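Given next are the chains, with one letter for each unit.
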Amino acid sequence: MNRHRFLICYDIANPKRLRQVARVCESFGSRIQLSVFEASLSQTMLAKLKTELEPIINHAHDQILFVNLGLDNESTPFSMQTLGLPYIKKSRITII
């Protein structure tokens, strides 16, 4: 099954919901910035991620974006450019 690389970005209005969303996203991908994750997901995994996030968010106040960056394979390497602080790949383990 083909996996696609996704950027998952969120804007959550409540600190408790924010922590819950972050925990779910951490189980699917790697944190790039405070509210931005990168994840390699199949369609099944993407559906599971959305299913886990759905009951957490307030649909009137919160937003989660899933940006499809294309197939996750060696012919389309992951590349990122930055301004300011350099990008440093972090482990998937986050201590809060």
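For the structure, see preceding data.
Quick notes on the nonpolar core
For step 1, the next point in the chain: With 18 residues, the main nonpolar core has Ile8, Tyr10, Val21, Leu41 and Ile64 as its most contacted residues.
For step 2, the next point in the chain: Secondary structure elements with two or more residues in this core: β1 (4-11), α1 (15-26), β3 (36-41) and α2 (43-53).
For step 3, the next point in the chain: Setting aside anything within four residues of it in sequence, one finds Ile64 in contact with Ile8, Cys9, Tyr10, Ile12, Val21, Leu53 and Ile57.

A short note on the layout of surface pockets
For step 1, the next point in the chain: Size it by volume and the largest pocket reaches roughly 190 Å³.
For step 2, the next point in the chain: The wall of the largest pocket is formed by 11 residues, among which Ile32, Gln33, Thr82, Leu85 and Tyr87 lie closest to the centre.
For step 3, the next point in the chain: Among the residues making up the lining of the largest pocket, the classes are represented as 7 nonpolar, 3 polar and 1 charged.

Description of the pairing of strand β2 (residues 30-33)
Along any regular strand the residues' side chains alternate between the sheet's two faces.
For step 1, the next point in the chain: Note that β2 and β3 share 3 bridges and pair antiparallel. Paired with Ser30 across the two strands is Glu38, which belongs to β3.
For step 2, the next point in the chain: Where β2 folds back onto β3 in an antiparallel hairpin, the turn is made up of 2 residues.

Regarding the packing of aromatic side chains
In this description, an aromatic ring pair is defined by two values, namely the gap between the centres and the angle between the planes.
For step 1, the next point in the chain: According to the stated counting rule, one finds 1 aromatic pair in the structure shown.
For step 2, the next point in the chain: The interplanar angle of 25° and the centroid separation of 6.1 Å between the aromatic rings of Tyr10 and Phe37 together place this pair among those described as stacked. With a gap of 27 residues between them, Tyr10 in strand β1 and Phe37 in strand β3 connect regions that are remote in the sequence. Across the pair, Phe37 and Tyr10 agree in class, each one buried.
For step 3, the next point in the chain: Between Lys50 and the ring centre of Phe66, over which it is positioned, the NZ or CZ distance is 5.1 Å.

A closer look at the environment of Met1
For step 1, the next point in the chain: Summarising the element assignment, Met1 is placed in the segment before β1.
For step 2, the next point in the chain: Given the relative accessible area of 77%, Met1 is considered exposed.
For step 3, the next point in the chain: Between the alpha carbons of Met1 and Leu41 there is a distance of 9.8 Å; along the sequence they are 40 residues apart.

Basis of the calculations
- Residues numbered from 1 in each chain as written.
- Predicted model: local features only at pLDDT ≥ 70, side-chain atom pairs only at ≥ 80, totals over all residues.
- Heavy atoms only, no water.
- Core = buried A, V, L, I, M, F, W, Y, C linked by side-chain atoms within 4.5 Å.
- Buried < 20%, exposed > 50% of the residue type's maximum accessible area, 1.4 Å probe, protein only.
- Helix = DSSP H or I, 4+ residues; strand = E, 2+ residues; numbered from the N terminus.
- Contact = heavy atoms within 4.5 Å.
- 1 Å grid on protein atoms, 1.4 Å probe; cavity = no way out; pocket = protein on both sides within 12 Å on 5 of 7 lines; lining within 4 Å.
- Points joined across faces, edges and corners; volume = space filled by probe spheres on them.
- Nonpolar A, V, L, I, M, F, W, Y, C, P; charged D, E, K, R; others polar.
- Pairing = 2+ DSSP bridges.
- Phe/Tyr/Trp six-rings, centres within 6.5 Å; stacked < 30°, edge-to-face > 60°.
- Lys NZ or Arg CZ within 6 Å of the ring centre and 35° of its normal.

Function cannot be read off these values alone, since they describe shape.
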